[in-house]
Amino acid sequence: MSDLGIASRANLEPIQDIAQRAGIPEEALELYGRYKAKIDTGLLHERTGTARGRVVLVSAMSPTPAGEGKSTVTVGLGDALSATGTRTMIALREPSLGPIFGMKGGATGGGYSQVLPMEDINMHFTGDFHAITSANNLLMALVDNHLHRGNELGIDPRRITFRRVLDVNDRALRQIVIGLGGPTEGMPREAGFDITVASEVMAVFCLATGIDDLRERLAAITVGYTFDRKPVTVADLNAQGAMTMLLKDALKPNLVQTMAGTPALIHGGPFANIAHGCNSVIATNTARALADVVVTEAGFGADLGAEKFMDIKARFAGFEPSAAVVVATVRALKMHGGVAKDALGAENVDAVRAGLCNLERHVTNIGKFGVTPVVAVNRFHTDTEAELDVVIQWCRERGVEAAVAEVWGRGAAGGAELAQKVLAAIQKPQEFSPLYELELSVEEKISTIVREIYGGAGVEYSAEARRALERIHANGWDAMPVCMAKTQYSFSDDASLLGAPEGFTLHVRDLIPKTGAGFIVALTGSVMTMPGLPKVPAAMRMDVDAQGRAVGLF
Ligand code: ADP
């Protein structure tokens, strides 16, 4: 049965009941229909005081294009922890329409480990992405209006770095020319669109600790440079107030439930390959205020999602992760062990063994942050006992805790062993520390990540990236952490280098200071901030049935 089929058979509880069990007072709840609500965190914190719950991060080995089941394991682990009587809350990202209509699918878990109502969460939800898109594009309209109205600030139209966004995969919008048509139609210039999840407004939204911090961070965003190369900020255009107004309701975290009735906050959604890759700080902190254990996910492999979770989110938000689950699958291990994508279903114990080098590097990397890793082998029906045994045995020999998770097929019951391992891991003393100090130069920060996390030998900067480095230095922006934008398929910037490649050079194409979010994006290889659609997009199989229900949504 499809994920949507299973989800449509689930019995949902009214969201007020879920809120009550989570300790959220009625007056802090803003209902969006029967099964979704936003939480007014101002009213909540008066009741709950400071955040204290332990944070369990769910990350993964380098994935196949289908995804390895991080969201599924996050939900299943949350339900399994709830089943032990642990006060648990789940914090996830909101799905983007790009992958939904493209190739990868939604982000609400799968099988018997899903957050509901999945149809709503995957499309429109409570409108947060629309609000973020609107705030971003309002800013760009103000920038282009400023040029049209005489350009008092002296903005160089060729040096505007901020771009419009849409939540869609649309390669035709990457490079465009706007303002054509004569003097009344604006100032012609080259421009382009990114996908909403790559927007700095999204990053700011996810890192803000409250409405005042949101306004301050928005004000600090750099939109481009003047003719004499001085940065132009949102504050120079005085756009921060209107942008904050557009975002004020979106900033309240969204409460939903899993199929087993565990409360889940789903809020914000930057991608992990081209942005920082985890849900909002507000949602995580709200969950920490309400629950003893918070299970949260960072996107793609641990080289991207977990590294940025530790070096950007946890550092900024000031909490320490208590454990990190690394999701592995037999099919991804086989792919890293050299098996072609169309042959991953057939048993191949040797290939599983050969692919363990990829998992090994991710597990070692988690240890470098002082956090205990727990391997979760997400079981697919094609996996054989012999293949699963190889992984569990390998973990045992290395002293790494591991469990086979059958949460997709069995829900909470299939995650009981994993839950026990995670509960044991979070009891251990942790000595969390980010990988690098912020005082290092930008080049040193990047080379630390390349050496320690990716296993690479060196970094090569394009002429453009070199110029960007000089600009960053001249403006005194060196002390920000780095947000690597890299393919999720390989530790390197070459998607075809599988396993655990060594000795490679990482190519930095450009560096974009995100002065509002507070990090520098390093664009590597050919990674795109506006994805394209595949030859047969998932959209081709979707429709609405006679009862008005979605069909073909995974
Ligand atoms: P990720 O978060 O790593 O991208 P997801 O949890 O979104 O991955 O899962 C991707 C897809 O794979 C979903 O459609 C989900 O239903 C499916 N899936 C995940 N785990 C399993 C499993 N063990 N067996 C079958 N399908 C699975």
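Residues numbered from 1 in each chain as written. Predicted model: local features only at pLDDT ≥ 70, side-chain atom pairs only at ≥ 80, totals over all residues. Heavy atoms only, no water.

Draft legend 1. Focus on the sheet that holds strand E13 (residues 231–233). Reading across from one edge, E7-E12-E13 is the order of the 3 strands in this open sheet, with antiparallel pairing throughout. Where the open sheet ends on each side, the last strands, each with one partner, are strand E7 (155–160) and E13. Strand-to-strand twist across the sheet, computed as the mean angle between neighbouring axes with direction ignored, equals 50 degrees. As paired strands, strand E12 (residues 222–226) and E13 are joined by 3 bridges and run antiparallel to one another. Opposite Gly224, over in E13, you have Val232 as the bridge partner. With respect to the sheet, helix H7 (residues 128–148) is in contact with E7 and E12, its orientation differing from that of E7 by roughly 130 degrees. (Pairing = 2+ DSSP bridges. Helix = DSSP H or I, 4+ residues; strand = E, 2+ residues; numbered from the N terminus. Axes fitted to C-alpha atoms, helices over the stretch in contact; angles between N-to-C directions. Contact = heavy atoms within 4.5 Å.)

Draft legend 2. Region of interest: the nonpolar core. Counting residues in hydrophobic clusters, the biggest one holds 118 residues, and the most contacted among them are Leu359, Ile446, Tyr454 and Leu511. What Leu511 contacts, discounting residues up to four positions off in sequence, is Ile446, Tyr461, Ala465, Ala468, Leu469, Ile472, Ile520, Val521 and Ala522. Of all hydrophobic cores here, the second largest spans 23 residues; its members include Val295, Val325, Ala376 and Ala419. (Core = buried A, V, L, I, M, F, W, Y, C linked by side-chain atoms within 4.5 Å. Buried < 20%, exposed > 50% of the residue type's maximum accessible area, 1.4 Å probe, protein only.)

Draft legend 3. View of the pairing of strand E6 (residues 113–116). What you see with E6 is no split at all: Ser113 and Val115 on one side and Gln114 and Leu116 on the other are buried throughout. Both strand E5 (residues 109–110) and E6 contribute to a ladder of 2 bridges, which runs antiparallel. Bridge pairing in E6 places Gly110 opposite Ser113. From the end of E5 to the start of E6, which pair antiparallel, there are 2 residues, and Gly111 there has a positive phi angle of about 60 degrees. Relative to strand E14 (residues 254–258), E6 runs antiparallel, the two being bridged by 2 bridges. Across the sheet, residue Val115 finds its bridge partner in E14, namely Thr258.

Draft legend 4. Spatial organisation of the pattern of salt bridges. Scanning the model with the defined rule gives 30 salt bridges in all. For the salt bridge of Glu360 with Arg398, the shortest nitrogen-to-oxygen distance reads 3.5 Å. Within this pair, whereas Glu360 is found in helix H15 (residues 349–368), its partner Arg398 is found in the loop between helix H16 (385–397) and strand E19 (401–405), the two being separated by 38 residues in sequence. Accessibility expressed as a relative area gives 34% for Glu360, which makes it partly exposed. (Salt bridge = Lys/Arg side-chain N within 4 Å of Asp/Glu carboxyl O.)

Draft legend 5. Highlighting the UniProt feature "binding site: ATP" (unreviewed entry) in the protein chain. Those places that UniProt annotates as "binding site: ATP" (unreviewed entry) correspond, in this numbering, to Thr64, Pro65, Ala66, Gly67, Glu68, Gly69, Lys70 and Ser71. Relative to the helices and strands, Gly67 resides in the loop between strand E3 (54–60) and helix H4 (70–83). Of the residues examined, Gly67 reaches a relative accessible area of 13% and is grouped as buried. Following the sequence through the fold, Gly69 ends up in the loop between E3 and H4. With a relative accessible area of 16%, Gly69 lands in the buried category. (UniProt positions renumbered as here; feature names shortened; annotations may be inferred.)

Draft legend 6. Local environment of the sheet that holds strand E22 (residues 505–514). Here 4 strands make up an open sheet; going across it, the order is E20-E22-E23-E21 and the pairing mixed. The sheet is open, and its two borders are formed by strand E20 (458–461) and strand E21 (482–485), each paired with just one other strand. This sheet shows a mean twist of 40 degrees between the axes of neighbouring strands, independent of strand direction. Here 6 bridges tie E22 to strand E23 (residues 519–524), and the two strands are oriented antiparallel to one another. For Leu511, the partnering residue across the bridge sits in E23 and is Ala522. In the packing of helix H13 (residues 305–317) onto the sheet, contacts are made with E21 and E23, and the angle to E21 comes to roughly 160 degrees.

Draft legend 7. Here's a closer look at the domain arrangement of the protein chain. Taken domain by domain, the protein chain comprises domain 1 (3–45 + 53–126 + 250–426), domain 2 (128–245) and domain 3 (442–524). Each of domain 2 and domain 3 has a C-alpha centre, and these two points are 24 Å apart. Every contact between the two is made by 11 residues of domain 2 and, on the other side, 9 residues of domain 3. In total, about 840 Å² of surface goes out of reach between domain 2 and domain 3, with carbon and sulfur atoms giving 52% of it. The tally of links from domain 2 across to domain 3 stands at 0 salt bridges. On inspection of domain 2 and its partner domain 3, the count reaches 7 residue pairs in polar contact (both at pLDDT 80 or more). Of all elements in the fold, only helix H8 (200–207) and E12 reach the threshold of two or more residues within the side of domain 2 that touches domain 3. The leading source of residues in the side of domain 2 that touches domain 3 is H8, at 4 residues. Considering only residue class, the side of domain 2 that touches domain 3 consists of 8 nonpolar, 1 polar and 2 charged. (Domains from an automatic or database assignment. Buried area = accessible area lost by both parts, 1.4 Å probe. Polar contact = N/O pair within 3.5 Å; in protein donor to acceptor, adjacent residues only side chain to side chain. Nonpolar A, V, L, I, M, F, W, Y, C, P; charged D, E, K, R; others polar.)

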